[in-house]
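Listed below, chain by chain, are the residues.
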Amino acid sequence: GSAGGGKYFGGSAFTLSRPLYALTELGVLARYGRLAIFPIGQHLDYDWGKDTALWDPRPLTGLVWLAGLAWAAWRVRRRSFLPLFALGWFLLALAPTSSLVPIEDVIVEHRVVTALWGPALAAGAWLATGTLRLKALGLLAGACLAICTTARASTWASLENLWRESARACPGKSRPWRAHGDAQREAGRPRRAEHSLRRALILDPMDYMA
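Here's a quick rundown of the structure.

Cut-offs used in this document
- Residues numbered from 1 in each chain as written.
- Predicted model: local features only at pLDDT ≥ 70, side-chain atom pairs only at ≥ 80, totals over all residues.
- Heavy atoms only, no water.
- Helix = DSSP H or I, 4+ residues; strand = E, 2+ residues; numbered from the N terminus.
- Contact = heavy atoms within 4.5 Å.
- Areas by Shrake-Rupley, 256 points an atom, 1.4 Å probe, with all protein chains shown as cover.
- Expected span 1.5 Å × (residues − 1).
- Buried < 20%, exposed > 50% of the residue type's maximum accessible area, 1.4 Å probe, protein only.
- Axes fitted to C-alpha atoms, helices over the stretch in contact; angles between N-to-C directions.
- Nonpolar A, V, L, I, M, F, W, Y, C, P; charged D, E, K, R; others polar.
- Core = buried A, V, L, I, M, F, W, Y, C linked by side-chain atoms within 4.5 Å.
- Parallel < 35°, antiparallel > 145°, perpendicular 65-115°, else oblique.
- Left-handed = near helix turned anticlockwise from the far one by under 90°.
- Salt bridge = Lys/Arg side-chain N within 4 Å of Asp/Glu carboxyl O.

Helices and strands together make up the secondary structure of the protein chain, namely nine helices and zero strands. Element order for the protein chain, N to C, with α for helix and β for strand: α-α-α-α-α-α-α-α-α. For the protein chain, the spread of C-alpha atoms along the three principal axes comes to 60 × 40 × 25 Å. Summarising the internal contacts of the protein chain: among those between residues at least 6 apart in sequence, 68% fall at separations of at least 24. On the protein chain, roughly 12,400 Å² of surface is accessible, and the fraction owed to carbon and sulfur atoms is 67%.

Now the structure itself:
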């Protein structure tokens, strides 16, 4: 439900107009791109807020990032179609959630998984036809991503740790605290669960699930 959505939307991003939602999603797209290259700082639930002007830092960063990628991909289109393919796949896969149709959460990390298939295929094809040095760099990058994935899996192994991470990242949002309390209760820690659930109710007294 929409209860406990956060202090910015009153529980839901459905209240945003389509232009404001699209503006906010420019920053979200840049965040997705950064996580694809440098997957550090993930968490399950965001208190992202909204952006109201194109010159705000997040949408401006997203616009510059997308424009730079599009310009670079167009420049090399005659030598290789892979950059255009990767960018087109990425944007098309995210269009249902990151364009003009407001949905409840402006950013959710799992949405980018399918969007990254295209860039991953393009990167693999590019590395396969590259020099030995390029292939070595690709293997090094793959090893670094594997290490990050292993570290991330240790967090996902425990619901309590997973929601603690989100609650720390978004201390002003009730939903992570409520979910953290549920996880603590299921883990047999009722006193800690009560503290987390009270925190959720302080942030959102209408959070009936808490």
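Spanning 13 residues, helix α8 (residues 174-186) covers 19 Å between terminal C-alpha atoms, matching the ideal 18 Å at 1.5 Å per step. Taken together, the buried positions of α8 are occupied by Ser174, Arg175, Pro176, Trp177, Arg178, Ala179, His180, Gly181, Ala183 and Gln184. The elements touched by buried residues of α8 are α7 (159-169) and α9 (190-203).

Secondary-structure assignment places Leu137 in helix α6 (residues 132-156). Take Leu137: its relative accessible area is 51%, and that puts it in the exposed class. Taking the C-alpha atoms as reference points, Leu137 and Leu127, separated by ten residues in sequence, lie 8.9 Å from one another.

Along its 14 residues, α9 runs 20 Å from first to last C-alpha, staying within 8% of the 20 Å computed at 1.5 Å per residue. Lining the buried residues of α9 we find α8.

Below, the discussion takes up the packing of helix α5 (residues 117-128) against α6. The geometry of α5 relative to α6 is characterised by a closest axis approach of 8 Å and an angle of 145° between their N-to-C directions. Between α5 and α6, the residues in contact are Trp126, Leu127 and Ala128 and Leu134, Lys135 and Gly138, respectively. Split by residue class, the contact of α5 with α6 holds four nonpolar, one polar and one charged.

Here the focus is the nonpolar core. Of all hydrophobic cores here, the largest spans 18 residues; its most connected members are Tyr32, Phe90, Leu94 and Ile107. Those elements that provide at least two residues to this core are α1 (18-37), α3 (82-94) and α4 (112-115). Of the residues forming this core, the biggest block, seven residues, is contributed by α1. Residues contacting Tyr32, with those up to four places away along its chain left out, are Phe90, Leu94, Ser98, Val106, Ile107, Val108, Glu109, Arg111 and Val112.

It is the contact of α7 with α8, at a shortest axis distance of 8 Å, that shows an interaxial angle of 160°. Classed by the angle they form, the pair α7 and α8 counts as roughly antiparallel. Crossing handedness for the pair α7 and α8: left-handed. Contact residues: Leu159, Glu160, Trp163, Arg164, Ser166 and Ala167 in α7; Pro176, Trp177, Ala179, His180, Ala183 and Gln184 in α8.

Close approach of charged atoms allows side chains of opposite charge to pair. Counted by the stated rule, this structure contains eleven salt bridges. Put simply, Lys173 and Asp45 hold a salt bridge, and the shortest N to O gap is 2.7 Å. Here Lys173, found in the loop between α7 and α8, pairs with Asp45, found in the loop between α1 and α2 (57-75); they are 128 residues apart in sequence, far enough to count as distant. In this structure, Glu104 engages Arg175 in a salt bridge whose closest nitrogen and oxygen atoms are separated by 4.0 Å. With a gap of 71 residues between them, Glu104 in the loop between α3 and α4 and Arg175 in helix α8 connect regions that are remote in the sequence. If you follow the salt bridges from partner to partner, you end up with Asp45, Glu104, Asp105, Lys173 and Arg175 in one network.

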